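Topology and contacts: notes
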Amino acid sequence: MPPTLSSLVHHSALKLTVRAGEDRLDVPVRWAHASELTDPVPYMEGGELLLITALKLDAENPEAMRRYVRRLVGAGVVGLGFAVGVHYEDIPEALVDAATEEDLPLLEVPRRTPFLAISKAVSAAIAADQYRAVTAGFAAQRELTKHALTDGPEGLLSALASQVDGWAALYDASGAVVATAPEWAGRRAARLTADVERLRERPAPASSVVGGPENEDRVELHSLGTGRRPRAALAVGTATALGTAERYAVHSAIALLTLTTERSRSLQAAEQRIGAAVLRMLLAGQPDHARAVAGSLYGELLDAPFRVIVAESAPVSAARVVDSGARAVPSKASAAALVAAAEANGDPLGALTEVVESAAARAGEAVLVVPEGEGETARLVVLAADGGAAVTACAEYAAALEAARSGAVPEQPGGIDDELVVGLSAPAGPIAAAGAYKQAEQALSVARRRGRVFVEHEQLAAGSVLPLLADDAVRAFADGLLRALHEHDATGRGDLVASLRAWLSRHGQWDAAAADLGVHRHTLRYRMRRVEEILGRSLDDADVRMELWLALKATSTE
């Protein structure tokens, strides 16, 4: 601990005597300073022991001494040392009384004790305290490192909480609580989620101090990570401000947790290569080889049904189509947080990766994430457990972006330049991985055409095929197929397009179709022969009838 007035009084070589303020000797001393100025306050920082001989003071004037002592107390001076036998044989009563009134410790310094000796004693005590703090910090670092290596982040948090005599919590990249120590701190840490989210908006490294929930404690928040965006955050709660040794422990924990959360690039690259190899083998129909390569890294993922997610980023579209397909709807707060995270990140695929991996880590799930391509051709392929946290997080994240597009959640200023498009397959096993991948790509294609963020393959069979015709290429084909009939009708020589639509809608029943048109069935038969002549196609061909019907639906204005 730092030196105090009490430790100086008990210093055998100084021979100091207490003349006032006996009950305040436990106050720490930051420094010992000698000054004969009548007003040394402008040069004080607080916490000093001021040493004087009263060379320029009217030390026997009670009013002058009251003003002098009052000024010192107001400046944070913790004690006053008076050298006797220099200008005064004893401390004047006026100064003693003033110090007693203000409860300022007043120490009598004998003539044989130079001020330099007192300054040296304070300096030596401060240096010894700092050495003890550094030594304790190194010991804490060794202890934290041991727990990090043997027990992981949870063990490190437990050791840190013990070192600071408080509690500690680890948050993931999304701001969710991953682990706490002791366990009772979980609810307290959860109440700081909003503060963690604000910290994540600042470039790493960043830190802040917040009052604990309901003023329970003092909490320090520190971002973890070496990149532009923090990958995690650490909260440390204590009853008082951290001392030097505790500060060393916290900094050591930050470094160790950063190493834990920020795995080396070579390890990440190696895992990605393994994941890519596993994916290629699954798509090539080699599930046994894929299991062998996956090992313990992805093995459990292949032991149960999984889903394939394929995601791309595309330039912001001018028009967006919003349909009523079923989707997960997150809370307003979580939606806003997810959208803000994506826009701050500026990388839709990177943000999705962060969301999926964080959710899987919290749930203890295996997830295979494989980036493919670069730039405009970049895409993300994910294998995640069916019904697991990663798939749910992906759906909620997409729903949050969808809500932002529709205005349900305010978009942040200066939003992202690219939009995320995601396709999700139906549940599948390793043998059917190639089919699941194709399903995800089909869902992705539909999402892109419909202006949607997220489409599940299972949704495609639940609706009508007609919305899939809302494509420029399909419409161009339809216009080209029916152009000759429209040109014929424009001359006023018959209504072939309407007749064709009526005949096809009645499945080729002449009487019913003619009744719909209000013409004789022979007239309708003549018109259908003209359709065949103009198009050069036979209406007896089922494929021709199908193409004509789809062309009519694609160009319909109803």
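Residues numbered from 1 in each chain as written. Predicted model: local features only at pLDDT ≥ 70, side-chain atom pairs only at ≥ 80, totals over all residues. Heavy atoms only, no water.

Examining the packing of aromatic side chains
One pass over the full model with this rule turns up two aromatic pairs. With centroids separated by 6.1 Å and ring planes inclined at 55°, the aromatic side chains of phenylalanine 82 and tyrosine 88 adopt a geometry described as tilted. Among the residues examined, tyrosine 88 registers a relative accessible area of 18% and is labelled buried. Here tryptophan 503 and tryptophan 510 contribute two aromatic rings whose centre-to-centre distance is 5.5 Å and whose plane-to-plane angle is 40°, an arrangement assigned as tilted. With relative accessibility at 8%, the residue tryptophan 503 sits in the buried group. With a relative accessible area of 22%, tryptophan 510 lands in the partly exposed category. (Phe/Tyr/Trp six-rings, centres within 6.5 Å; stacked < 30°, edge-to-face > 60°. Buried < 20%, exposed > 50% of the residue type's maximum accessible area, 1.4 Å probe, protein only.)

Thoughts on the environment of arginine 529
Note on placement: arginine 529 falls in helix H18 (residues 521-535). What makes arginine 529 partly exposed here is its relative accessible area of 46%. Expressed as a C-alpha distance, the spacing of arginine 529 and leucine 539, which sit ten residues apart in the sequence, is 8.8 Å. (Helix = DSSP H or I, 4+ residues; strand = E, 2+ residues; numbered from the N terminus.)

Concerning the sheet that holds strand E9 (residues 218-224)
Ordered by their spatial adjacency, five strands build an open sheet running E7-E6-E10-E9-E8, and the pairing between neighbours is antiparallel. Each edge of the open sheet is held by one strand with a lone partner, namely strand E7 (177-181) and strand E8 (207-211). Adjacent strand axes in the sheet meet at a mean angle of 20°, parallel and antiparallel pairs treated alike. Sheet topology note: the strand E6 (residues 167-171)/E7 ladder contains four bridges and is antiparallel. Bridging from a neighbouring strand, alanine 168 pairs with alanine 181 of E7. Strands in contact with helix H4 (residues 115-164) are E6, E7 and strand E10 (232-238); relative to E6, the strand with the most contacts, it is inclined by about 150°. Sitting on the sheet, helix H6 (residues 193-200) is in contact with E6, E8, E9 and E10, with an inclination near 40° to E9. (Pairing = 2+ DSSP bridges. Axes fitted to C-alpha atoms, helices over the stretch in contact; angles between N-to-C directions. Contact = heavy atoms within 4.5 Å.)

Regarding the nonpolar core
The biggest cluster of nonpolar side chains holds 28 residues, and the ones touching the most others in it are Leu352, Val367, Val382, Leu420, Val422 and Phe454. Taken together, the elements giving at least two residues each to this core come down to strand E11 (306-315), helix H11 (348-363), strand E12 (367-372), strand E13 (379-385), helix H12 (389-406) and strand E14 (418-424). Per-element tally for this core: the top contributor is H12, with eight residues. Sequence-distant contacts of phenylalanine 454, that is, excluding residues within four places in its chain, are made with Cys394, Ala395, Ala398, Glu402, Val422 and Leu424. Judged by nonpolar contacts, the second largest core, of 27 residues, contains Tyr298, Leu302, Ala366 and Ala440. (Core = buried A, V, L, I, M, F, W, Y, C linked by side-chain atoms within 4.5 Å.)

Here's the deal with the side chain of serine 499
Mapped onto the elements of the fold, serine 499 is located in helix H16 (residues 496-505). There is a polar contact of 2.7 Å between the side chain of serine 499 and the backbone oxygen of aspartate 495. Residue contacts for serine 499: discarding those within four places in its chain leaves Leu517, Leu524, Arg527 and Met528. (Polar contact = N/O pair within 3.5 Å; in protein donor to acceptor, adjacent residues only side chain to side chain.)

Considerations on the pairing of E12
On any regular strand, side chains alternate: one points to one face of the sheet, the next to the other face. Relative to E13, E12 runs antiparallel, the two being bridged by six bridges. Residue valine 367 lies in a different strand from E13, and its bridge partner there is alanine 384.

Brief notes about the sheet that holds strand E1 (residues 17-20)
With mixed pairing, five strands are arranged side by side in an open sheet as E1-E5-E4-E3-E2. Single-partner strands in this sheet number two, and they are E1 and strand E2 (31-34). Averaged over all neighbouring strand pairs, the angle between strand axes comes to 30°, with direction disregarded. Bridge count between E1 and strand E5 (residues 106-109): three bridges; the pairing is antiparallel. Residue pairing for E5: valine 18 is matched across the bridge by leucine 107. The strands that H4 touches are E2, strand E3 (48-52), strand E4 (79-83) and E5; relative to E2, the one it contacts most, it runs at about 160°.

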